[in-house]
Amino acid sequence: MPRENDFAKGMTLSVLLERISLALSAVITAILFAWLLYYSSYGLNLEDEGFYLNSIANPFPYAINAPPSLFGFLYHWPYQWVGGNVAVLRMANVTLTMALGWILSFFVIRRLWTVGWVQAAVLSAGIASMASLVFRLRLFTPNYYVLAFQSLLIVMIGLLLADRPGRMCRVSGWTLVGVGGWCCFMAKPTTAAAIALVVMLYVVVLRRKSLLPMLGAALLALALLMMTAYLIDGGITGLVTRMVRSAEMEILLGAGHEVFRSIRIDWLATSRSQLAIAVFLAIALLLSVLMGSTDKLLPSLALAAVLIVTITIALLGTDPISIQPSTLFLVPAFTCLGAMLYRERLVLRTQTATSIALALIFLVLPHLFALGSNLNYWYLGAYNALFWMLAVVAFLSPFAQQGRSLATLLPLTVLAQLLTASVINDSIVNPFRQVKDLRSYTAVMPMPGGGKLVLSESLHRYLATARAQARAAGLEVGTPVVDLTGDSPGLLYVLEARALGLPWLMGWFPGSSAVAVETLGLENCADLAKAWVLIEPEGRYHPDQASVMASFGARQADYATAATLDPFVVDGDYRIDRQFLFKPVRSAALAEQSCRETRRQGPESQKWSQ
């Protein structure tokens with residue numbers, strides 16, 4: 001009798017700790033989400049976010065998109081709906097991404113595991129916190145990477161919804177697949193082609209009766225694409241021409257986006273310390289899951305301890321583990337490998353076709369997301385680490401048959417939150433190409449559209465000085481500007497000027513000058529005649545200023561200095577050198593005539609050799 005009482009007390013205590021852990025997990029999810037929303041109004045990356053904002057604010061003047069993505073057109077309407085307020089746009093972007101991650105995680109858990117609605121909602125929200133890793137470089141502004149991730153989430157939500165009973169679920173699910181496929185094409189056509197192949201394989205292997213609905217989803221995506229083509233370029237021919245020319249510009253740029261380079265296997269770069277951390281976390285996770293069936297008290301105490309560490313990271317910014325991108329894959333990989341060894345491969349022997357298919361799809365989705373990029377696929381795939389964690393959720397689903405759903409999913413959720421808190425904390429301390437530590441930012445900068453961003457003192461001084469000097473010199477809203485700095489598209493956005501050629505004339509690559517000449521050659525001579533010019537003579541990366549200006553019949557002598565911007569250090573290995581904003585002094589008629597004569601004398605289509 002005393003032993004039975006002790007057992008009952010132990011069970012009661014473990015159940016209490018389980019509920020406390022669930023409650024703490026829900027609190028951490030809320031903290032992480034509030035964290036993201038709060039810092040959405042902090043910081044500005046002059047390069048990438050400047051490019052994104054220029055593309056979104058006014059995508060229609062550009063006949064070419066480099067890289068070949070139409071994300072600017074899709075995000076232009078939400079940008080208009082929020083009145084151009086960058087901070088609000090970022091918050092909406094974060095909210096949509098997190099909501100889609102939550103819905104997908106919820107559907108996966110409800111499809112493969114046996115837990116109640118409330119528990120599924122809490123657990124899926126915790127796992128979905130990993131969706132925020134798409135912002136791990138602190139680039140909250142909507143962009144083609146985020147749109148590609150959102151699109152993959154929509155497609156997978158659609159597939160899982162179509163699996164649910166009921167005609168309405170099937171119709172809604174395949175509608176989402178079609179919409180997600182269209183959005184994916186708008187973001188990254190290479191990823192769209194890959195996910196289309198995955199959907200077809202999924203249907204052929206698991207749902208042979210879904211061939212007709214899949215065809216309907218494909219037709220819906222095609223209809224949306226045709227509508228997009230007519231809105232942007234007046235028809236399919238115009239859109240095809242745009243995409244082909246955009247791809248040619250990428251090849252001319254020499255950035256490594258050629259098709260033959262897209263199909264490759266990259267090396268997973270890691271370190272001994274990260275490898276050790278991954279092994280430790282995977283073993284701890286498996287022990288927590290496997291011990292939960294015999295001794296619930298110890299795993300519950302361990303989970304509570306991890307949750308306290310996660311809260312400490314989130315609230316105090318103290319991170320004892322410092323998770324790197326490679327670890328986001330290694331932990332799920334080691335967990336699955338370890339689970340396969342349990343009880344003579346019980347997990348493998350009891351898999352269903354659906355769980356295997358979903359695990360494999362989630363495993364490869366991050367690489368499909370990265371397909372076509374010139375970056376390391378593992379590094380870029382870590383933006384979508386949520387999929388790797390969902391692969392673990394699917395792979396371990398046989399434990400649900402043993403009545404261990406909560407005992408398995410709770411440790412997975414806590415681990416996902418720990419990884420998320422560590423990575424996001426690092427991105428706050430070390431934002432990409434910005435002054436260190438967003439927490440130290442105090443300078444409030446008014447932005448176009450009436451919004452405000454909190455910036456570092458040095459960046460605020462740079463932008464405020466540029467705006468004051470440019471306005472004093474007569475730069476008006478909408479004035480065309482040729483940006484030859486190679487690194488300051490964000491400045492043009494703040495000045496509310498129109499970037500000519502491309503939203504960002506990059507200077508990092510061997511073909512940068514050739515691309516600048518080609519794209520500026522598509523601009524009207526009347527716009528080039530009245531355009532101002534921004535240069536950075538001592539900058540490390542910029543197009544050849546003299547030759548690019550000569551391509552439209554201009555020289556530096558045709559301009560007067562309107563603003564001089566002092567250099568400043570952005571971070572340890574990146575700085576903005578002294579820049580000059582030039583104002584045209586020739587008459588617009590003379591400048592336009594010179595531009596036309598230069599083009600008349602040049603080849604019909606300028607093709608620069610690398």
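Since we're looking at a predicted model, the values are computed, not measured. (Residues numbered from 1 in each chain as written. Predicted model: local features only at pLDDT ≥ 70, side-chain atom pairs only at ≥ 80, totals over all residues. Heavy atoms only, no water.)

Undergrad: Is there a simple way to think about the overall build of the protein in this case?
TA: The secondary structure content of the protein amounts to 25 helices and nine strands. In terms of overall size, the protein behaves like a compact globule, its C-alpha atoms giving a radius of gyration of 27 Å where 610 residues would be expected to give roughly 25 Å. With the principal axes as the frame, the protein shows a C-alpha extent of 100 × 55 × 40 Å. Sorting the 610 residues of the protein into buried and exposed places 56% on the buried side. Of the contacts formed within the protein by residues at least 6 apart in sequence, a portion of 75% connects residues at least 24 apart. Across the protein, the 44 positively charged side chains and the 36 negatively charged ones have centroids separated by 10 Å. (Helix = DSSP H or I, 4+ residues; strand = E, 2+ residues; numbered from the N terminus. Rg over C-alpha atoms; globule rule 2.2 N^0.38 Å. Buried < 20%, exposed > 50% of the residue type's maximum accessible area, 1.4 Å probe, protein only. Contact = heavy atoms within 4.5 Å. Lys, Arg positive; Asp, Glu negative; His and termini not counted. Charge placed at Lys NZ, Arg CZ, Asp CG, Glu CD.)

Undergrad: How should I be thinking about the packing of helix α4 (residues 86–112) against helix α5 (residues 117–128) in this particular structure?
TA: In a packed pair of helices, the relevant descriptors are the angle between the two axes and the axis-to-axis distance. At their nearest, the axes of α4 and α5 sit 8 Å apart, and the two run at 130 degrees to each other. In terms of orientation, α4 lies oblique with respect to α5. Here α4 and α5 pass one another in a crossing that is right-handed. Counted together, M98, G101, W102, S105, F106, I109 and R110 of α4 and W117, A120, A121, L123, S124, A125, I127 and A128 of α5 form the full contact between these two elements. (Axes fitted to C-alpha atoms, helices over the stretch in contact; angles between N-to-C directions. Parallel < 35°, antiparallel > 145°, perpendicular 65-115°, else oblique. Left-handed = near helix turned anticlockwise from the far one by under 90°.)

Undergrad: Help me understand the sheet that holds strand β9 (residues 579–584), please; the structure alone is not making it clear to me.
TA: Whenever strands of a sheet pair, they do so through backbone hydrogen bonds, lying parallel or antiparallel. Read from one edge to the other, the open sheet built from five strands follows the order β4-β3-β5-β9-β6, with strand pairing classed as mixed. With one partner strand each, in any of the chains shown, β4 (498–499) and β6 (559–565) form the two edges of the open sheet. As paired elements, strand β5 (residues 532–535) and β9 share three bridges and run antiparallel to each other. The partner of V533 across the bridge, within β9, is F582. (Pairing = 2+ DSSP bridges.)

Undergrad: Help me out: how do you make sense of a nonpolar patch on the surface in this one?
TA: A cluster of nonpolar side chains, contributed by L212, L215, L219, L222, M226, Y230, I236, V240 and V244, occupies part of the molecular surface with about 860 Å² of accessible area. Going through the elements one at a time, α9 (211–233) and α10 (236–253) are the ones with two or more residues in the nonpolar patch. The biggest single contributor to the nonpolar patch is α9, with six residues. Tracing the backbone through its elements, the reader meets L219 in helix α9. The class of L219 is exposed, set by a relative accessible area of 51%. (Patch = residues over 30% accessible without salt bridge, like charges linked within 9 Å, V, L, I, M, F, W, Y side chains within 5 Å. Areas by Shrake-Rupley, 256 points an atom, 1.4 Å probe, with all protein chains shown as cover. Salt bridge = Lys/Arg side-chain N within 4 Å of Asp/Glu carboxyl O.)

Undergrad: What is the right way to look at the pattern of salt bridges in this model?
TA: Oppositely charged side chains may form a pair once their charged atoms are brought near each other. Tallied over the entire structure, the rule returns 13 salt bridges. For E47, the salt bridge goes to R433, with nearest N and O atoms at 2.7 Å. Here E47 is found in the loop between α1 (2–39) and α2 (48–57), whereas its partner R433 is found in the loop between α19 (405–429) and β1 (443–446), with 386 residues between them in sequence. What makes E47 buried here is its relative accessible area of 1%. As a salt-bridge pair, R498 and E523 come within 3.6 Å of each other at their nearest N and O atoms. Taken together, the positions of R498 in strand β4 and E523 in the loop between α22 (512–520) and α23 (525–529) put the pair 25 residues apart, joining distant regions of the chain. This pair shows no difference in class: R498 is buried, exactly as E523 is. Ionic contacts of the salt-bridge type, sharing partners, join the residues R498, E523 and D527 into one network.

Undergrad: Can you help me understand the state of the cysteines in this one?
TA: Summed over the entire model, instances satisfying the criterion amount to one disulfide. Sulfur-sulfur distance for the disulfide between C525 and C595 comes to 2.1 Å. Linking C525 and C595, the disulfide has an S-S dihedral of approximately -70 degrees and is accordingly described as left-handed. In this pair, C525 sits in helix α23 while C595 sits in helix α25 (residues 588–601), placing the two residues 70 residues apart along the sequence. Residue classification places C595 among the buried residues on the basis of a relative accessible area of 1%. No disulfide involves C183; its sulfur sits 8.6 Å from the nearest other cysteine sulfur, which is in C184. (Disulfide = S-S within 2.5 Å.)

Undergrad: Explain the packing of α4 against helix α6 (residues 144–162) here, please?
TA: At a minimum axis separation of 9 Å, α4 and α6 run at an interaxial angle of 30 degrees. By the angle between their axes, α4 is roughly parallel relative to α6. Seen from above, α4 lies across α6 with left-handed handedness. Contact residues: α4 offers N93, L96, T97, L100, G101, I103, L104, F107, V108 and R111, while α6 offers V146, F149, Q150, L153, I154, M156, I157, L160 and L161. For the contact of α4 with α6, the residue count by class is 14 nonpolar, four polar and one charged. (Nonpolar A, V, L, I, M, F, W, Y, C, P; charged D, E, K, R; others polar.)

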